[in-house]
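Examining the three-dimensional arrangement
Below, each chain spelled out in residue letters.
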Amino acid sequence: MFPRLLLLTLLISGSIGCSFPETTPIKQWRHVEEGAYAADISADGTISVVSGINNGINVWRIGEETPLYQWSHQGEGNNLVISLHISADNTHVVTADREAFALWSIETGDPIGFWRIDEASIRDVAISNNGNGILVARSNGKVMFFEPKTQRRLEFLGHQEKVNSIDISPNGKFALTGGNDYIAYLWSTDTGQIIHTFTHPSRVTKVALDDKGRFAFTADSQDKSQVWNVQTGEAISGLSFIARQKIFTDAVFSDDGKYLLTGSPSRQVYLWDLESGKEVDAWQVASRDTVSPPTAVVYGVGFMSDGNIVTESSSGLAEVWQRSK
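Residues numbered from 1 in each chain as written. Predicted model: local features only at pLDDT ≥ 70, side-chain atom pairs only at ≥ 80, totals over all residues. Heavy atoms only, no water.

**Some thoughts on the overall build of the protein chain**
- Check the secondary structure of the protein chain and you find zero helices and 30 strands.
- By principal-axis analysis of the C-alpha atoms, the protein chain measures approximately 50 × 45 × 35 Å.
- Buried residues in the protein chain amount to 56% of all 325 residues.
- Put simply, the protein chain has 27 plus and 38 minus side-chain charges, and the middle of one group is 4 Å from the middle of the other. (Helix = DSSP H or I, 4+ residues; strand = E, 2+ residues; numbered from the N terminus. Buried < 20%, exposed > 50% of the residue type's maximum accessible area, 1.4 Å probe, protein only. Lys, Arg positive; Asp, Glu negative; His and termini not counted. Charge placed at Lys NZ, Arg CZ, Asp CG, Glu CD.)

And the structure:
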């Protein structure tokens, strides 16, 4: 039985690591005044979408001083959007609070649809190219694949506990999901059939798919962070670090297939060599001045066309970083 979806009307308004070395960004822009709940950066590093604590959702062309659009997820009142995702082709955005998700057009700035789920709370969302497919993870272990244009819905029931992180291929045909049951699954959104199973010794907290269909990344709450070949299901490398645990909040593969870029809940951004799993570069984003001790969650990371790195964090800042190697 599928969860009931209610199509509603959208409102739119105009537009710690103490020992970690301090780093200085090349450029910095304030995208949110009072801090952010969530953010994502487009695959090409040109657009970011930020959910602010008290100013709704803002869409930015990175480097510009004013936002392209300002959106309101549920009309007036507090903004509680805790998850959002930009499609790989930069055409659409999906935003979600705990109870509902919305689809938006980046090309026009207009809302396309708003759907409320009456079964379990939303944990994460992802969207495919052209807004054709939306993936919704829920706290009851179910993952829903939904096609807004056809209204087709498919439920993936492979997980036995909460689903923490999801990703979808640009063509919408494949989903990667990870949860508290210590497992990440790569599965077909056409049939719901499992393609590969990736097991961990603790709960899976972050997953990511390579937009070119080469790799998958899965990480747990302890020290297993693995890069996989999605064609064979075989491990390519494990990220190499000394810490007993490392949590990731975002992960993006480089176009050339050589690197993985990750963000963390403690200001840290790392660049990893895919073949060896070794760290090759690192940065530390600015903290929120009003938080003690000073910290920030890195919500979004991305590769720019000039080779530099761009980040969005809970401090409300977009920052550009130069690669040293």
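**Quick word on the packing of aromatic side chains**
- Counted under the stated rule, the structure contains 13 aromatic pairs.
- With centroids separated by 5.6 Å and ring planes inclined at 80°, the aromatic side chains of phenylalanine 217 and phenylalanine 248 adopt a geometry described as edge-to-face. Within this pair, whereas phenylalanine 217 is found in strand β21 (residues 215-220), its partner phenylalanine 248 is found in the loop between β23 (235-238) and β24 (250-253), the two being separated by 31 residues in sequence. Each of the two residues, phenylalanine 217 as well as phenylalanine 248, counts as buried.
- Ring centres of tyrosine 270 and tryptophan 272 lie 5.5 Å apart, and the angle between their planes is 45°; this geometry places the pair in the tilted category. Taken as a pair, tyrosine 270 and tryptophan 272 share a single burial class, namely buried.
- In this arrangement the basic side chain of lysine 246 is found over the ring face of phenylalanine 241, its NZ or CZ atom lying 5.3 Å from the centre. (Phe/Tyr/Trp six-rings, centres within 6.5 Å; stacked < 30°, edge-to-face > 60°. Lys NZ or Arg CZ within 6 Å of the ring centre and 35° of its normal.)

**Focus on the sheet that holds β23**
- On the basis of which strands lie adjacent, the open sheet formed by four strands has the order β20-β21-β22-β23 and antiparallel pairing. For this open sheet the edge positions go to β20 (204-209) and β23, each flanked by a neighbour on one side alone. Along the sheet, successive strands turn relative to each other by an average axial angle of 20°, direction set aside.
- Bridge count for β21 against strand β22 (residues 225-229) is five bridges, and the pairing is antiparallel. Looking at β22, one finds that alanine 219 is bridged to serine 225. (Pairing = 2+ DSSP bridges. Axes fitted to C-alpha atoms, helices over the stretch in contact; angles between N-to-C directions.)

**Remarks on the environment of methionine 144**
- Structurally, methionine 144 is set in strand β14 (residues 143-147).
- Along the primary structure methionine 144 and isoleucine 134 are separated by 10 residues, whereas in three dimensions their C-alpha atoms are 8.1 Å apart.

**Examining the nonpolar core**
- In terms of nonpolar packing, the biggest core is built from 16 residues, with Val49, Val59, Trp71, Ile86 and Val93 touching the most fellow members.
- Mapped by element, the contributors of at least two residues to this core are β5 (47-52), β6 (57-61), β7 (69-72), β8 (83-86) and β10 (100-105).
- Here this core gets three residues from one element, more than from any other, and that element is β10.
- The contacts of valine 93, once residues within four sequence positions are left out, are Val49, Trp71, His85, Ile86, Ala102, Leu103, Trp104, Ile106 and Ile127.
- Listed in part, the 15 residues of the second largest apolar core include Ala208, Leu239, Phe253 and Ala282. (Core = buried A, V, L, I, M, F, W, Y, C linked by side-chain atoms within 4.5 Å. Contact = heavy atoms within 4.5 Å.)

**Focus on the sheet that holds strand β25 (residues 259-263)**
- Within the open sheet, the four strands sit side by side as β24-β25-β26-β27. Their pairing is antiparallel. In the strand order of this sheet, the two ends are held by β24 and β27 (279-284), each with one partner. Within this sheet the neighbouring strands show an average axis-to-axis angle of 15°, counted without direction.
- Both β25 and strand β26 (residues 268-273) contribute to a ladder of five bridges, which runs antiparallel. Opposite glycine 263, over in β26, you have valine 269 as the bridge partner.

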